[in-house]
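Tertiary structure, described
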Amino acid sequence: MAYNLLKGKRGIIFGALNDASIAWKVAERAYEEGAQLVLTNTAVACRMGTIAELAEKTNATVIAADATSVEDLEMLFSEAQKALGGKIDFVLHSCAMSANMRKKRPYDDLDYSLLDKTLDISAISFHKMLQVAKKMDAINDYGSILALTYVASHRTFFGYNDMADAKSLLESIARSFGYIYGREKGVRVNTISQSPTY
């Protein structure tokens, strides 16, 4: 049941890849509540995933952008405002990846070049996104920016590996940037950890 909670609101959702993605489910619900959406992911993910299916279902525009690239983010926020007809009201950052985990590298034998990529994709991209949005004045006053985190940011979960470090950094960025953005523009910056998913 929908209540039009987001009627007239404009949002950007990062990270929807397929129907198992949390970002995918958020996009579906936001659309059901009346939001206008731009969906974004890397160009490769847009080609390899099924984001076009989600875009059709939610009447969204897809704009390929690498969340680790400041130039791509500048293009994204500019094009999203054109596509949606104004400043953005909400953003979901749902970007995370650890090549160390994919390669089954244990925490006491990390590949540091892969750790750099983990931190850039999973956390520093959030800072880049916030900084670009603020410099471009792309978010409406009192807008909301949300990133997905995980309880391993402050508890040990063996096997979650360097992603725990990334989520800790992500939360620190939310606190530090949130203080500035909130004070200056009333923009709320938060993180949330999902409940168990299938």
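What counts as what
- Residues numbered from 1 in each chain as written.
- Predicted model: local features only at pLDDT ≥ 70, side-chain atom pairs only at ≥ 80, totals over all residues.
- Heavy atoms only, no water.
- Salt bridge = Lys/Arg side-chain N within 4 Å of Asp/Glu carboxyl O.
- Helix = DSSP H or I, 4+ residues; strand = E, 2+ residues; numbered from the N terminus.
- Buried < 20%, exposed > 50% of the residue type's maximum accessible area, 1.4 Å probe, protein only.
- Pairing = 2+ DSSP bridges.
- Right-handed = clockwise from strand over helix to strand, strands pointing away.
- Contact = heavy atoms within 4.5 Å.
- Axes fitted to C-alpha atoms, helices over the stretch in contact; angles between N-to-C directions.

1. Section: the pattern of salt bridges
Opposite charge on two side chains makes pairing possible when the charged atoms of those side chains draw close. By the definition in use, this model includes 10 salt bridges. For D137, the salt bridge identified is with K185, shortest N-O distance 3.5 Å. Remark: K185 occurs in helix α7 (residues 162–185) and D137 occurs in the loop between α6 (112–135) and β5 (139–149); sequence separation between them is 48 residues. When its relative accessible area of 29% is taken as the criterion, D137 is described as partly exposed. According to the relative accessible area criterion, K185 is partly exposed, its value standing at 29%. In the salt-bridge network here, residues are joined through shared partners; they are R29, E32 and E33.

2. Focus on the pairing of strand β6 (residues 188–193)
With six bridges joining them, β5 and β6 adopt parallel strand pairing. Considered in β6, the bridge of L148 is made with I192. Between β5 and its parallel partner β6, the chain crosses via α7, and the hand of that crossover is right-handed.

3. Side note on the sheet that holds β6
One open sheet holds the six strands; their spatial order is β3-β2-β1-β4-β5-β6, and the pairing between them is parallel. Across the chains shown, the open sheet's two edge strands, defined by having one partner strand only, are β3 (61–62) and β6. Alignment of strand β4 (residues 88–93) against β5, held across five bridges, turns out to be parallel. Each bridged residue has a counterpart across the sheet, and for V91 the counterpart in β5 is I145. The strands that helix α3 (residues 51–58) touches are β2 (36–40) and β3; relative to β2, the one it contacts most, it runs at about 175°.

4. Some thoughts on the environment of G159
Positionally, G159 belongs in the loop between β5 and α7. The partly exposed category is assigned to G159, whose relative accessible area is 47%. Separated by 52 residues in sequence, G159 and Y107 have C-alpha atoms that sit 7.7 Å apart.

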